[in-house]
Amino acid sequence: MLSAQAQDEIRSEIEKYPKGHARAAVMAALRIAQNEHGWVSRDVMEHVADFLEIEPIKVAEVATFYTMYDLKPVGRHKISLCTNISCALRGSEGIEKHLREKLKIGFGETTKDQRFTLQEVECLAACGGAPAALIDTEYHENLTPRKINEILDALPWPRGKFEFVCLNPA
Ligand code: FES
């Protein structure tokens, strides 16, 4: 289920930790597996657990806690819009409304053409540039409807390699 390349990448992540602590690489392993499969299914979690020689529940605990792991298929581009306090005070609700109208989807949904998935997230640690969103792997701040239109219109299409959102690279 994990390609030879993915396995090599995970091995190199494991090597960053003391011997016997492969479990510490679980976040990186999930990122690598998600990059390969596009999302983290139960099977993927089990393969990661097997590879790290830990219980599947330990992988599931991490995968279900962080919003950067997708537990169902997502579109080519993932828009993670922050709606936490700073962004809310600076207009994230208007950005959300704009995106709902533009894309015809709500939070947790993917456009019919599989181009975009919209996700609500907690603070992205970009409060100084609120309202903020993470779109694929890029931070975008001080969003306005016009600005987000320009960003989305410039994104590549059709579907290509999956991109993964990693807020805390090892
Ligand atoms: S509240 Fe939105 S980035 Fe912090």
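From a predicted model like this one, the values you see are computed outputs, not experimental measurements.

About the criteria used
Residues numbered from 1 in each chain as written. Predicted model: local features only at pLDDT ≥ 70, side-chain atom pairs only at ≥ 80, totals over all residues. Helix = DSSP H or I, 4+ residues; strand = E, 2+ residues; numbered from the N terminus. Expected span 1.5 Å × (residues − 1). Buried ≥ 20, exposed ≤ 12 C-beta atoms within 10 Å, placed from the backbone. Core = buried A, V, L, I, M, F, W, Y, C linked by C-beta atoms within 7 Å. Contact = placed C-beta atoms within 7 Å. Domains from an automatic or database assignment. Axes fitted to C-alpha atoms, helices over the stretch in contact; angles between N-to-C directions. Parallel < 35°, antiparallel > 145°, perpendicular 65-115°, else oblique. Nonpolar A, V, L, I, M, F, W, Y, C, P; charged D, E, K, R; others polar.

A. Molecular detail of helix 2 (residues 26-37). Helix length check: helix 2 (twelve residues) gives 16 Å between terminal C-alpha atoms against 16 Å at 1.5 Å per residue, within 8%. Here helix 2 has its buried residues at V26, M27, A28, A29, L30, R31, I32, A33 and Q34. Of the residues trailing helix 2, G38 is marked for its positive phi of about 90°.

B. The arrangement of unusual backbone geometry in detail. The amide bond that connects A130 to the next residue, P131, takes the cis arrangement and shows omega of -5°. With respect to the element layout, P131 can be found in the loop between strand 3 (116-121) and strand 4 (133-135). Phi at K104 takes a positive value of approximately 60°, unusual for a residue other than glycine. Considering the arrangement of structural elements, one finds K104 in the loop between helix 6 (92-103) and strand 2 (109-110). Despite not being glycine, Q114 has its phi angle at roughly 70°, a positive value. In this structure, Q114 sits in the loop between strand 2 and strand 3.

C. Summary view of the environment of H37. Here H37 lies in helix 2. Separated by 36 residues in sequence, H37 and P73 place their C-alpha atoms 9.2 Å apart.

D. Spotlight on the nonpolar core. Core analysis: the biggest nonpolar cluster contains 19 residues, and V26, A29, L30, A33, V40 and V48 have the highest contact counts within it. Of all the elements in the fold, those that place two or more residues in this core are helix 2, helix 3 (42-52) and helix 4 (56-63). Considering each element in turn, this core owes the most residues, seven residues, to helix 2. Contact partners of A33, with chain neighbours within four places excluded, come to L2, A6, V40, V44, H47 and V48. Listed in part, the 18 residues of the second largest apolar core include L81, C87, A133 and I135.

E. Layout of the domain arrangement of the protein. In terms of domains, the protein is made up of domain 1 (4-63) and domain 2 (77-153). Distance from the C-alpha centre of domain 1 to the C-alpha centre of domain 2: 29 Å.

F. Main features of the packing of helix 2 against helix 4. Interhelical geometry of helix 2 versus helix 4 gives an angle of 75° and a closest axis separation of 10 Å. Comparing their axes, helix 4 and helix 2 come out roughly perpendicular. Touching V26, M27 and L30 of helix 2 are K58, V59, V62 and A63, all from helix 4. Residue composition of the contact of helix 2 with helix 4, by class: six nonpolar, no polar and one charged.

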